[in-house]
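# Structure at a glance
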Amino acid sequence: APAAKMAARSGGAAWRRGWLPALQFVRRGSKAVTRHWKAMHFQRQKLMAVTEYLAPRPAVPPRCLAPRKETLEEDDGYVRLLRRQVEEVFRDNRMIAICQYNSMPDEDVVLMRHYLRKHNIEVKFVLNEIVRPVLSQSKYKNLLPLFVARNILLVSPETKAKEMLRVLKGVPQINLLGACIDDTILSRQGVENFAKLPSLEASQGQTAGALALLPSQTSSLLQRGSAHLTALLDQHIRRLQAGETGSPAEPAPAQSLGAH
Amino acid sequence: AGITFPERPKLKFMDKVPAVPKVRREPRQLRDIRGPSREATDFTQGQYGILALGGGYLHWGHFEMIRLTIGRGMDPKTTFAIWRVPAPSKPVTRKSLGHRMGGGKGPIDRYVTAVKSGRLVVEVGGRCEFEEVKPFLAQVARKLPFPAVPVSRRGLQQMRREEEEKRLNNQNPWTFERVVAANMLGMRKYLSPRDLQLKGRYWGKFFLKHRV
């Protein structure tokens, strides 16, 4: 800081000859530009503290406002790929079961996958934020409430509900929430009932048998009258042959013929 | 798009001593470190560069380090680099060790170039992205004697815009330049006459980025 030093003036002679400054600054200490951070005068420090930058504060502090949900729809290629995969899954497979997934030990997961794979059932882990938009745009709107919290999809081109239920019963951490089998949405009860039904082949065989039953009876129905007649005639002939020996056999075929 | 490649893509070799070495020893003149830079503050040919955020002297060792590091990091076929600082020309003296004060000025030890804050040191350009260039530019920037950052054209524009915004939306009614210009409370007794232009953002060779 420039410290003042009163010049010792030799009377008024110097003052008359020329002029000498009243204040002579004494420059002490280091130069203006130093390698180290030069210590500021306290007044300068105070000035720097007073003239610091004050950021503008919003009228309402951001804490009071509701948190803005960042709807950054960047539409990654990865997200698009996952969506496409989900759509394919819904298109290709006949049976889709949605189960709640609680954390399982990894080896149990692998075992469960193995058993399901034997019955040609695939296990797919899906992200809700990808599945929800896909479902809301497709016809499976009623499956939307199921996709909350962690869940997995068990998909299969064949409908083997009984085996699936058996496997899932052995795994307590996975709970069946619902299923979409052949475009019909079933709840848990519905899936159990569906499992109790006989398999498709058996039921097809049953239906075919039931349907074929009537045509098989048609020929016998049509022939029933003539068959009855032939039977009666045969009986009559036998009775006549037997009645040749005795007479009481005669009114019997007449009675039976009259009753007929 | 509109990028002119220089003849040689790599950085030119800078001499330790200028072609005509100076005989007369020059005074120190530390004012060539102080304050903001007036030259080489904007990009010319390249797209990315190293911006000095403080004052200092660059000597031949620094030049070699920059030249070699950038030469190792960039691909001469697709990118180029140019110097934005001149070769060392200012002689700096040094007295031999272990002697007492006095006996005249020491002999010339080396030559340096003065760099003020806000000056670009090197520029890199060509068919490349900032992310590719940033690693080795940051490496160089760390080793310089003054604080430096790698910047792109857009980054520099953004920095300047932010500074301007800060200056405009400062809620503090008392700014350094206002106090100094009006000499409030006799502050100029404790400040240098240069502080009128420096406005409290510079102190010695340091650039105070957070001020105003």
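Reading the values: rules and limits
Residues numbered from 1 in each chain as written. Chains lettered and ligands numbered in written order. Predicted model: local features only at pLDDT ≥ 70, side-chain atom pairs only at ≥ 80, totals over all residues. Heavy atoms only, no water. Helix = DSSP H or I, 4+ residues; strand = E, 2+ residues; numbered from the N terminus. Buried < 20%, exposed > 50% of the residue type's maximum accessible area, 1.4 Å probe, protein only. Areas by Shrake-Rupley, 256 points an atom, 1.4 Å probe, with all protein chains shown as cover. Axes fitted to C-alpha atoms, helices over the stretch in contact; angles between N-to-C directions. Parallel < 35°, antiparallel > 145°, perpendicular 65-115°, else oblique. Left-handed = near helix turned anticlockwise from the far one by under 90°. Contact = heavy atoms within 4.5 Å. Nonpolar A, V, L, I, M, F, W, Y, C, P; charged D, E, K, R; others polar. Core = buried A, V, L, I, M, F, W, Y, C linked by side-chain atoms within 4.5 Å. Pairing = 2+ DSSP bridges. Buried area = accessible area lost by both parts, 1.4 Å probe. Salt bridge = Lys/Arg side-chain N within 4 Å of Asp/Glu carboxyl O.

Turning our eyes to something else, we now look at the overall build of chain B. Looking only at helices and strands, chain B features five helices and nine strands. Taken from N to C terminus, the helices and strands of chain B fall in the order β-β-α-β-β-β-β-α-β-α-α-α-β-β. The buried share among the 212 residues of chain B stands at 42%. Total accessible area on chain B is roughly 12300 Å²; 53% of this is exposed by carbon and sulfur atoms.

Below, the discussion takes up the packing of helix H1 (residues 60–73) of chain B against helix H2 (residues 130–143) of chain B. Residue and element names in this part refer to chain B. In the contact formed by H1 and H2, the axes pass within 9 Å of each other and the chain directions differ by 165°. In terms of their interaxial angle, H1 and H2 are classed as roughly antiparallel. The interaxial crossing formed by H1 with H2 has right-handed handedness. In this structure, H1 uses His62, Met65, Ile66, Thr69, Ile70 and Gly73 to contact H2, whose residues at the interface are Phe136, Leu137, Gln139, Val140 and Lys143. Residue composition of the contact of H1 with H2, grouped by class: six nonpolar, four polar and one charged.

Core analysis: the largest hydrophobic core is formed by 28 residues, its most contacted members being B:Ile66 and B:Ile70. Contributing elements (two or more residues each) for this core: strand S1 (48–52), H1, strand S3 (79–83), strand S6 (120–126) and H2 of chain B. Examining the composition of this core, we find that six residues originate from one element, H2(B), more than from any other. Ignoring anything within four residues of it in the chain, the contact list for B:Ile70 reads B:Leu11, B:Ala81, B:Val122, B:Phe136, B:Leu137 and B:Val140. The next biggest cluster of nonpolar side chains, apart from the first, holds 23 residues, and it includes A:Met104, A:Val109, A:Val167 and A:Val191.

All names here are of chain A. Ordered in space as S4-S5-S3-S6-S7, the five strands form an open sheet in which the pairing is antiparallel. With one partner strand each, in any of the chains shown, strand S4 (122–125) and strand S7 (184–186) form the two edges of the open sheet. When strand polarity is set aside, the average angle formed by the axes of neighbouring strands in this sheet is 25°. Sheet topology note: the strand S6 (residues 174–181)/S7 ladder contains three bridges and is antiparallel. Among the inter-strand pairings, Cys180 is bridged to a residue of S7, identified as Ile185. The sheet contacts of helix H7 (residues 188–196) involve S6 and S7, and relative to S6 the element is tilted by about 70°.

A word on the interface of chain A and chain B. On the chain B side, the residues contacting the 23 residues of chain A number 28 residues. Taking both sides of the interface into account, the surface hidden between chain A and chain B amounts to around 2400 Å²; carbon and sulfur atoms contribute 67%. Broken down residue by residue, the surface that chain A buries against chain B is led by A:Val33, A:Arg44 and A:Tyr53, which jointly contribute 29%. The tally of links between chain A and chain B comes to one salt bridge. One salt bridge in this structure joins B:Asp195 and A:Arg44, with 2.8 Å as the shortest N-O distance.

We now examine the sheet that holds strand S2 (residues 56–59) of chain B. All names here are of chain B. Strand order in the open sheet made by the three strands is S2-S5-S4, with antiparallel pairing throughout. The sheet is open, and its two edges are formed by S2 and strand S4 (90–93), each paired on a single side. Across the sheet, the axes of successive neighbouring strands diverge by a mean angle of 55°, strand direction being ignored. With four bridges connecting them, S2 and strand S5 (residues 108–115) associate as antiparallel partners. Bridging across to S5, Leu58 finds its partner in Thr113. Across the sheet, H1 is in contact with S2 and S5; its angle to S2 comes to roughly 70°.

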